[in-house]
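An overview of the molecular structure
Spelled out from the first residue to the last, the chains are:
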Amino acid sequence: MMGELSAHGHELTTHPDQADVLVVNTCSFIDPAKKESIDTILEMAEYKKVGNAKRLVVAGCLVERYRGDIRKDMPEVDAVIGTNEIERIVAVCEGVAEERKDEPAAAPAPYLYHDLTPRILSTPRHFAYMKIAEGCDHPCSFCVIPQYRGKFRSRRFESVISEATRLFGQGVREINLIGQDTTCYGEDFGLKDGLAQLLARLAQIETQQQKWVRFLYAYPNKVTQKLLDTIAEHADLVKYIDMPLQHASAPVLKRMKRGASGDIFLKLIERIRRTIPGVAIRTSFIAGFPGETDADFETLCQFVEAAQLDRLGVFSYSDEDTSGSYALDGKVDGRTISNRKRRLMAVQRKISRVKNRQLIGRDVPVLVEGPSAETDLLWQARMSTQAPEIDGVVLINDFEGAEPAAGQMRFLRITETHDYDIIGTLLASTETDTRLPAPNLIQIAPNFVVPNLIPAR
């Protein structure tokens, strides 16, 4: 949306009081996301009273789910745009589009951007997310994403390669491939091992300096040996697997309509580690899924102990009224869910503490992010085994040679560790030129430009 607006002459601002139009991009996956979206809409609406704003536009999944309710219960909202209506953003912001007050008369065609779509990165200039597919065909009973994102569809192979080549040429050092299920990439084209083929081609893109390529959101039964061999083969493919397992108890996984079991997952994890030395494995679990008994939860805790995962996130089950699991019996009360989540994270915290301590004294490559968000006295970086925004970080408290610069890849000597974060000394750079080229505002920008329009969140 930012790319389309910028391409049509609009300027972006991070100051809502200066904006003429406010755009709130929303999520409605689980209750906390819905609440944050609604709170942000109401917060932005206040700027129509005290700022320059004349229009408030709400976009994203909340619109797909509650289009009529938003228009009826939020008179402050001037226009809404669903996930398949992104190309309407310019007309809607300019107030020239015919407003659809309830459901569209005809469902718009499923949207999927491509390499020629105008785009502005909202991330720092040294890393980017790149969507390779949209939608999902899995029947997971807790998930509402297929209802709002539609059936699975992949971007064309050469479209992905073209965009990645351009991003690397503009100074991006790390590309993170995303989609509701990246491991199904290419299946709708009849492509066998599509993700493995794509990763191999991305690794072969020539760049002046080292690059990182990572993919997120792997579905466990789609992690093939070919995929693992490809990651092991190419140095630029980071040794990192993000694979949400959701649970380890076979009865719970059956009710989730995911299948498998903790034993099957342990064998898969063993195969991943055998194929990719030094790999970091991240997963996520749901605590309190309907029907989860004390015994099921104990099975999950025992699995986490046995698996010794590198990164782990735990979500409280959210009872969404349009999900398949909403009709299931055996609902777990909120206090029990909270206690189980806390206990599971305590188990993982001990594992993470031990794993991090084993790194003390090692020299590891890192991507410098910039000054720390915690204090101006420290710099921040990430190892390749730390995905942006979801994993821990590396804090730099000393450096050798030139002062650190965002986007550099340098070695760091680890001197101290905590439960999730790592501290160390940045070693002298061996890169000949760490400067990033000037950005193209239609394709990539350093954080936003000047007033007139603000996309909130």
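One structure accompanies this document, and this report is about it. (Residues numbered from 1 in each chain as written. Predicted model: local features only at pLDDT ≥ 70, side-chain atom pairs only at ≥ 80, totals over all residues. Heavy atoms only, no water.)

**Some remarks on the overall build of the protein chain**
Along the backbone of the protein chain there are 13 helices and 17 strands. On C-alpha atoms alone, the protein chain measures out to a radius of gyration of 23 Å, which is about the 23 Å that the 2.2 N^0.38 rule sets for 457 residues. Burial status across the protein chain gives 53% buried among its 457 residues. For the protein chain, long-range pairs separated by at least 24 residues make up 73% of all intrachain contacts whose partners lie at least 6 apart in sequence. Per element, the accessible surface of the protein chain, about 20,700 Å² overall, is 51% carbon and sulfur. (Helix = DSSP H or I, 4+ residues; strand = E, 2+ residues; numbered from the N terminus. Rg over C-alpha atoms; globule rule 2.2 N^0.38 Å. Buried < 20%, exposed > 50% of the residue type's maximum accessible area, 1.4 Å probe, protein only. Contact = heavy atoms within 4.5 Å. Areas by Shrake-Rupley, 256 points an atom, 1.4 Å probe, with all protein chains shown as cover.)

**Here's the deal with the pairing of strand β13 (residues 379–383)**
Most of β13 sits out of view: five of its five residues are buried. Where strand β12 (residues 363–371) lies against β13, five bridges are found, and the strand directions are antiparallel. Residue G370 lies in a different strand from β13, and its bridge partner there is Q380. By the bridge criterion, three bridges tie β13 to strand β14 (residues 394–399) in an arrangement that is antiparallel. By the bridge assignment for β14, W379 is matched with I396. (Pairing = 2+ DSSP bridges.)

**Some words on the packing of helix α7 (residues 157–169) against helix α8 (residues 194–203)**
A packed helix pair is summarised by two numbers, namely the angle formed by the two axes and the spacing between the axes. It is the contact of α7 with α8, at a shortest axis distance of 10 Å, that shows an interaxial angle of 30°. Compared by their axis directions, α7 and α8 come out roughly parallel. Like other packed secondary-structure pairs, α7 and α8 cross with a definite hand, here right-handed. Taken together, the residues of α8 that come into contact with α7 (itself represented by F157, E158, V160, I161 and A164) are G194, Q197, L198, R201 and L202. For the contact of α7 with α8, a count of residues per class yields six nonpolar, two polar and two charged. (Axes fitted to C-alpha atoms, helices over the stretch in contact; angles between N-to-C directions. Parallel < 35°, antiparallel > 145°, perpendicular 65-115°, else oblique. Left-handed = near helix turned anticlockwise from the far one by under 90°. Nonpolar A, V, L, I, M, F, W, Y, C, P; charged D, E, K, R; others polar.)

**Considerations on the packing of aromatic side chains**
Per the stated rule, a full pass over the model turns up four aromatic pairs. Between F127 and Y129, the ring centres sit 5.8 Å apart and the planes meet at 85°, which makes this aromatic pair edge-to-face. Summarising the burial analysis for this pair, F127 and Y129 share the class buried. Look at F285 and F303: their rings are 6.1 Å apart centre to centre, the planes differ by 90°, and that puts the pair in the edge-to-face class. Within this pair, whereas F285 is found in strand β10 (residues 280–287), its partner F303 is found in helix α12 (residues 294–307), the two being separated by 18 residues in sequence. Of the residues examined, F303 reaches a relative accessible area of 4% and is grouped as buried. Following the ring pairs from residue to residue traces out a cluster consisting of F265, F285 and F303. Positioned over the ring face of Y113 is R155, at 4.3 Å from the centre of the ring. Here the basic side chain of R382 rests over the ring of F127, its NZ or CZ set 5.4 Å away from the ring centre. (Phe/Tyr/Trp six-rings, centres within 6.5 Å; stacked < 30°, edge-to-face > 60°. Lys NZ or Arg CZ within 6 Å of the ring centre and 35° of its normal.)

**A look at the environment of D421**
With respect to the secondary-structure elements, D421 resides in the loop between β15 (409–417) and β16 (422–426). Setting aside its immediate chain neighbours within four residues, D421 contacts N356, E374, G392 and V393.

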